[in-house]
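# Observations on chain architecture
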Amino acid sequence: MNADLHCHSVISDGTLTPEALAERAKANGVELWALTDHDEVGGQDRALAAARAQGLPYLTGTEISVTFAHQTVHIVGLGFDPHNSALVAGLRRTRGGRSERAQEMSDGLAKVGIKNAYEGALHYVGNPELISRTHFARHLVETGVCSDTSEVFRKYLTEGKPGYVPHRWARLQEAVQWITEAGGIAVIAHPARYGFTPNEEYALFSEFKAHGGRGVEVITGSHSSQEAVRYAETALEFDLVASRGSDFHSPEESRIDLGTLPLLPGQLTPVWDLLADRIQ
Ligand code: AMP
Ligand code: MN
Ligand code: MN
Ligand code: MN
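Taking burial as the measure, the eight residues of strand 4 (residues 71-78) include six buried ones, the bulk of the element. The antiparallel pairing of strand 3 (residues 61-68) with strand 4 creates a hairpin that spans two residues between the two strands, and Ala69 there sits at a positive phi of about 50°.

See below:
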């Protein structure tokens with residue numbers, strides 16, 4: 001099935017509205033869609049209404065920022081009740097501190113001669129509670145400091161670089177519990193993106209399972225084909241269901257469009273098999 005269960009709208013760091021994403025997903029042949037804004041469910045009602053208008057089956061979604069072993073890990077939640085009060089409060093807490101962090105990022109950039117980056121980044125923000133590194137990256141590209149967003153991340157926004165500010169996000173256990181207690185399934189997003197040692201990665205997968213996590217992204221816009229093969233094996237080893245999602249953010253920036261990834265390998269159980277009664 002052409003399921004695309006990972007993408008971002010203007011409610012977080014995407015450039016399209018939930019309505020435009022629903023239309024694009026439908027046009028690209030997506031058969032099951034989820035909008036997974038970072039640390040936010042504020043776009044879920046709009047996404048569901050837009051999916052209905054397109055005749056596109058929909059699962060609720062979010063992508064929660066977690067700190068694990070001193071690194072940021074993303075946990076995707078699918079098929080939960082978006083109005084669950086513990087989930088909504090937990091996500092609000094996770095978003096808290098983004099503005100202060102952004103001010104500190106701006107201070108760091110000012111030290112290397114890039115002035116007023118906070119104000120510049122704000123021009124790209126659709127949700128005042130969700131200023132992210134992506135918005136800074138867009139501002140630095142627009143003002144000619146770098147030629148594309150990946151260059152901005154490489155030179156300014158990753159660990160050790162002038163605009164990088166370490167941040168404490170949610171705990172793994174909290175994120176998994178918010179999702180599962182709201183009736184959804186927790187999924188480890190793009191596992192190949194983390195710089196973990198084999199021991200740390202083993203700890204991530206084992207602790208995730210122990211807390212009630214059930215799935216892992218195998219086919220994602222962030223994985224090479226070799227990485228997909230590797231995490232298909234990890235899914236089987238840890239008895240996790242598999243998810244598939246482009247992680248689409250923007251027609252200008254994203255390499256992989258909605259609905260254009262290879263299908264899940266046949267030997268894996270798709271996450272949507274566990275969510276049949278949650279599809280809206
Ligand atoms: P934040 O939550 O503010 O730390 O921002 C994280 C977001 O930055 C991710 O969700 C991606 O959209 C984006 N991002 C992270 N690393 C890169 C990169 N190397 N190139 C482009 N975008 C990136
Ligand atoms: Mn993002
Ligand atoms: Mn992510
Ligand atoms: Mn994402």
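A few words now on helix 1 (residues 18-27). Every buried residue of helix 1 is accounted for by Pro18, Leu21, Ala22 and Ala25. Seen from one end, helix 1 has its buried residues packed into an arc of 100°, which puts them on one side. In helix 1, those exposed residues whose orientation departs by more than 90 degrees from the buried face are Glu23 and Ala27. On its buried face, helix 1 is in contact with strand 2 (32-33) and helix 2 (44-54). Gly29 sits one or two residues past helix 1 and shows a positive phi near 85°.

Before going further, it helps to spend a moment on the coordination of the manganese ion (ligand 3). At the metal site, the manganese ion (ligand 3) is ligated by Glu63 (OE), His74 (ND1) and His190 (NE2), and these contacts range over 2.1 to 2.2 Å. Taken as an interatomic distance, the gap from the manganese ion (ligand 3) to the manganese ion (ligand 2) is 5.6 Å. Here Glu63 is found in strand 3, whereas its partner His190 is found in the loop between strand 5 (185-188) and helix 9 (198-210), with 127 residues between them in sequence. You can call His190 buried: its relative accessible area is 1%.

All right, on to the domain arrangement of the protein then. Along its sequence, the protein is organised into domain 1 (3-94 + 168-278) and domain 2 (98-157). Each of domain 1 and domain 2 has a C-alpha centre, and the two are 25 Å apart. If you look at the interface, domain 1 gives 15 residues, while domain 2 gives eleven residues. Carbon and sulfur atoms supply 44% of the area buried between domain 1 and domain 2, which totals about 900 Å² over both sides. Its largest share of buried area at the contact with domain 2, domain 1 owes to Asp13, Trp169 and Glu253, together 46% of the area lost on that side. Across the contact surface, domain 1 and domain 2 share two salt bridges. Where domain 1 meets domain 2, there are seven residue pairs in polar contact (both at pLDDT 80 or more). Among the residues making up the side of domain 1 that touches domain 2, the classes are represented as three nonpolar, seven polar and five charged.

Within the secondary structure, Gly43 sits in the loop between strand 2 and helix 2. A sequence separation of 32 residues divides Gly43 from Ile11, and the C-alpha atoms of the two residues are 6.1 Å apart. Those residues within four positions of Gly43 in sequence are excluded, and the remaining contacts are Ile11, Pro18 and Leu35.

A few words now on the packing of aromatic side chains. In total, this model carries six aromatic pairs according to the counting rule given. Taken together, a centroid distance of 5.2 Å and an interplanar angle of 65° make the contact between Trp33 and Tyr58 edge-to-face. Of the two residues, Trp33 is situated in strand 2 and Tyr58 in the loop between helix 2 and strand 3; the sequence distance between them amounts to 25 residues. Considered together, Trp33 and Tyr58 belong to a single accessibility category, that of buried residues. Considering the side-chain rings of Phe68 and Phe196, the 6.0 Å spacing of their centres and the 85° angle between planes classify their relative orientation as edge-to-face. Highlighted residues: Phe68 in strand 3 and Phe196 in the loop between strand 5 and helix 9, separated in sequence by 128 residues. Pair check on accessibility: Phe68 and Phe196 agree, each one buried. Aromatic ring contacts, followed pair by pair, group Tyr202, Phe205, Tyr231 and Phe238 into a single cluster.

Basis of the calculations
Residues numbered from 1 in each chain as written. Chains lettered and ligands numbered in written order. Predicted model: local features only at pLDDT ≥ 70, side-chain atom pairs only at ≥ 80, totals over all residues. Heavy atoms only, no water. Buried < 20%, exposed > 50% of the residue type's maximum accessible area, 1.4 Å probe, protein only. Helix = DSSP H or I, 4+ residues; strand = E, 2+ residues; numbered from the N terminus. Pairing = 2+ DSSP bridges. Arc of directions from axis to C-beta. Contact = heavy atoms within 4.5 Å. Donors = N, O, S within 2.8 Å, 3.2 Å for Na, K, Ca; no water. Domains from an automatic or database assignment. Buried area = accessible area lost by both parts, 1.4 Å probe. Salt bridge = Lys/Arg side-chain N within 4 Å of Asp/Glu carboxyl O. Polar contact = N/O pair within 3.5 Å; in protein donor to acceptor, adjacent residues only side chain to side chain. Nonpolar A, V, L, I, M, F, W, Y, C, P; charged D, E, K, R; others polar. Phe/Tyr/Trp six-rings, centres within 6.5 Å; stacked < 30°, edge-to-face > 60°.

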